[in-house]
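Residue-level listing of the chains:
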Amino acid sequence: MAASAAPDSAAERIVIQNCAIATVDANDTEYASGHIVVAGNRIESIGAGRAPENLDNVVRRIDGTGHLVTPGLVNTHHHFYQWITRGLATDHNLFDWLVALYPTWARIDEQMAYTAAQGSLAMMAKGGVTTAMDHHYVFPKGSGDLSGAIIRAASEMGVRFTLARGSMDRSVKDGGLPPDHAVETLEGALADTEATVKKHHDHSFDAMTQVAVAPCSPFSVSTELLKQGAELARRLGVRMHTHGSETVEEEQFCKELFGMGPTDYFESTGWLGEDVWMAHSVHMNDSDIAAFARTKTGVAHCPSSNARLAAGIARVPDMLAAGVPVGLGVDGTASNESGELHTELRNALLINRLNPVHRERALNARQALRLGTYGGAQVLGRADNIGSLEAGKLADLVMWNLGTLAHSSIADPVTALVFGAAAPVTLSLVNGKQIVENNRLLFADEDAIAVSTREEARRLARISAQA
Ligand SMILES: [Zn+2]
């Protein structure tokens, strides 16, 4: 039985059939062999067996034999600019790693931001990400229109995108972690954030670009910037994002400076709510998790970055049991050099099984897939229009090839996708438009980006060495 949306007879249709489908809808509906009809930028129908033969305006019929089709992956935490500072400070914890890298990051310019964004986006899109986000919080004086450059890179590649306009205004002189020359003023950060939202945020159902208000973290942002940032976001009707409860050092910092832990501090500054999602949330006690559940505050779980920086294991099974919305994040590629989201599906599953509290029942493959799709859509505030394959939703989907050596002997397709190696992407649609074909990007030259990102990484290293 196929579910259908109201037909649009004028729309061009793409039919995908003979494939396994994991819809990630509320009932986890799956089809061992099914079909999807895409009309324009929407999913028109989805169901078991082959698509009807008598559809109008079919421009393409795709045989999905040997493939699994899922919703496109949704990344909920990243720092694109870090693509040109990968592989540095590889044995540091978070605070030492930040202190080592801030001086380099404070030298980025518009060309570097654009090129690094291309590298980050290309890696994710090739790996089945259809909705990306970038938490960008380094805005050196005179560095140009960094937000505009990042948005341009996403739009050229065809990826759906949320820019979290970050900011820092608490430097060493105010008890913070970043050097004084790496931060903005309170007024400057708020004014440019507002201008960025007004210029680029699209409130519509099928928005390709959205903007969130995103002061960086308790140890790099003033209390006033958090408070006024929350007021700004709510006045403009956009979402709010920041880092929180990432490490024991951050918890100590909050207790010493504010006399409370991070979650209580966020609550006191207006930073819990259904319009907020927080990166990491590793060090959460029962009452922190209850506060997130009560307020429907979302979490971007970044297991690879948490492991790389020895931050700890986030209590994802407990958060899910309490009703906290959880998505997955690559995090910046200076703390997760792979830069693709499949690893996070796999690590979300595996790392929680290492937690002695949870053991083998921590998460299963379907829950991991849900975190990387619907959970991501939830925390970005887009669960009504992306994140699952349902008639009427936007056509953001991925055809994973499970017929190669890597997966062909694993019978269950979702198990193959999550437990197995990263599967090749035969096709990826965003807003009904194809952006990946047979593992190649259609709107970007991957080999050229490999060269330009290497050049920009060298230029940044050179400039920061001279500073
Ligand atoms: Zn981060």
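Notes on the structure follow. (Residues numbered from 1 in each chain as written. Predicted model: local features only at pLDDT ≥ 70, side-chain atom pairs only at ≥ 80, totals over all residues. Heavy atoms only, no water.)

## Quick notes on the nonpolar core
Basically, it comes down to this: Nonpolar cores were defined as sets of buried Ala, Val, Leu, Ile, Met, Phe, Trp, Tyr and Cys residues, with membership established by side-chain atoms within 4.5 Å. Working definition: with a 1.4 Å probe on protein chains only, accessible area under 20% of the residue-type maximum means buried, over 50% means exposed, and in between means partly exposed. Comment: elements are numbered from the N terminus, with helices defined as DSSP H or I runs of at least four residues and strands as E runs of at least two. Contact definition: two residues touch when any of their heavy atoms are within 4.5 Å.
Judged by nonpolar contacts, the single largest core of 113 residues is most densely connected at Trp 97, Leu 98, Trp 105 and Leu 121. If one sorts the elements of this core by residue count, helix H2 (residues 110-126) sits on top with nine residues. Residues in contact with Trp 97, not counting those within four places in the same chain, are Gln 82, Leu 88, Ala 89, His 92, Trp 105, Arg 308, Leu 309, Ala 334 and Ser 335. Counting residues in each nonpolar core, the second largest holds 17 residues, with Cys 19, Ile 36, Val 38 and Leu 427 among its members.

## Some points on the packing of aromatic side chains
The condition is simple: Any two of the Phe, Tyr and Trp rings considered here, Trp counted by its six-membered ring, make a pair once their centres fall within 6.5 Å; the pair's planes then place it as stacked at under 30 degrees, edge-to-face at over 60, or tilted in between. Throughout this description, the term charge over a ring refers to an Arg CZ or Lys NZ atom that lies within 6 Å of the ring centre and within 35 degrees of the ring normal.
Taken as a whole, this structure holds ten aromatic pairs when the rule is applied. Summarising the aromatic geometry, the rings of Phe 80 and Phe 161 are spaced 5.7 Å apart at their centres and angled 25° between planes, so their arrangement reads as stacked. In this pair, Phe 80 sits in the loop between strand E7 (73-74) and helix H1 (94-105) while Phe 161 sits in strand E9 (residues 160-167), placing the two residues 81 residues apart along the sequence. By the burial criterion, Phe 80 is buried, and Phe 161 matches it. Ring centres 6.4 Å apart and planes at 80° place the aromatic pair Phe 219 and Phe 253 in the edge-to-face group. Here Phe 219, found in the loop between strand E10 (209-215) and helix H5 (223-236), pairs with Phe 253, found in helix H6 (residues 248-258); they are 34 residues apart in sequence, far enough to count as distant. Its relative accessible area of 3% is what places Phe 219 among the buried residues. Three or more aromatic residues joined by ring pairs form one cluster here, namely Phe 95, Phe 219, Phe 253, Phe 258, Tyr 265 and Phe 266. Over the aromatic face of Tyr 114 sits the side chain of Arg 152, whose NZ or CZ is 4.3 Å from the ring centroid. The side chain of Lys 433 reaches across the aromatic face of Phe 443, ending 4.7 Å from its centre.

## What about the packing of helix H4 (residues 186-200) against H5?
Stated precisely, the cut-off is as follows: Only the stretch in contact is used when a helix axis is fitted, and all axes are lines through C-alpha atoms; the angle between N-to-C directions ranges over 0 to 180 degrees. Throughout, the term roughly parallel applies to angles under 35 degrees, roughly antiparallel to angles over 145, roughly perpendicular to angles from 65 to 115, and oblique to all others. Less than a right angle of anticlockwise turn of the near helix away from the far helix marks a crossing as left-handed, whereas a clockwise turn marks it as right-handed.
Closest axis-to-axis distance for the H4/H5 pair is 11 Å, and the angle between their directions is 20°. It follows that H4 is roughly parallel to H5 by the angle criterion. For the pair H4 and H5, the crossing hand works out as right-handed. Contacts between H4 and H5 involve Leu 186, Ala 189, Leu 190, Thr 193, Glu 194, Val 197 and Lys 198 from the former and Glu 224, Leu 225, Gln 228, Gly 229, Leu 232, Arg 235 and Leu 236 from the latter.

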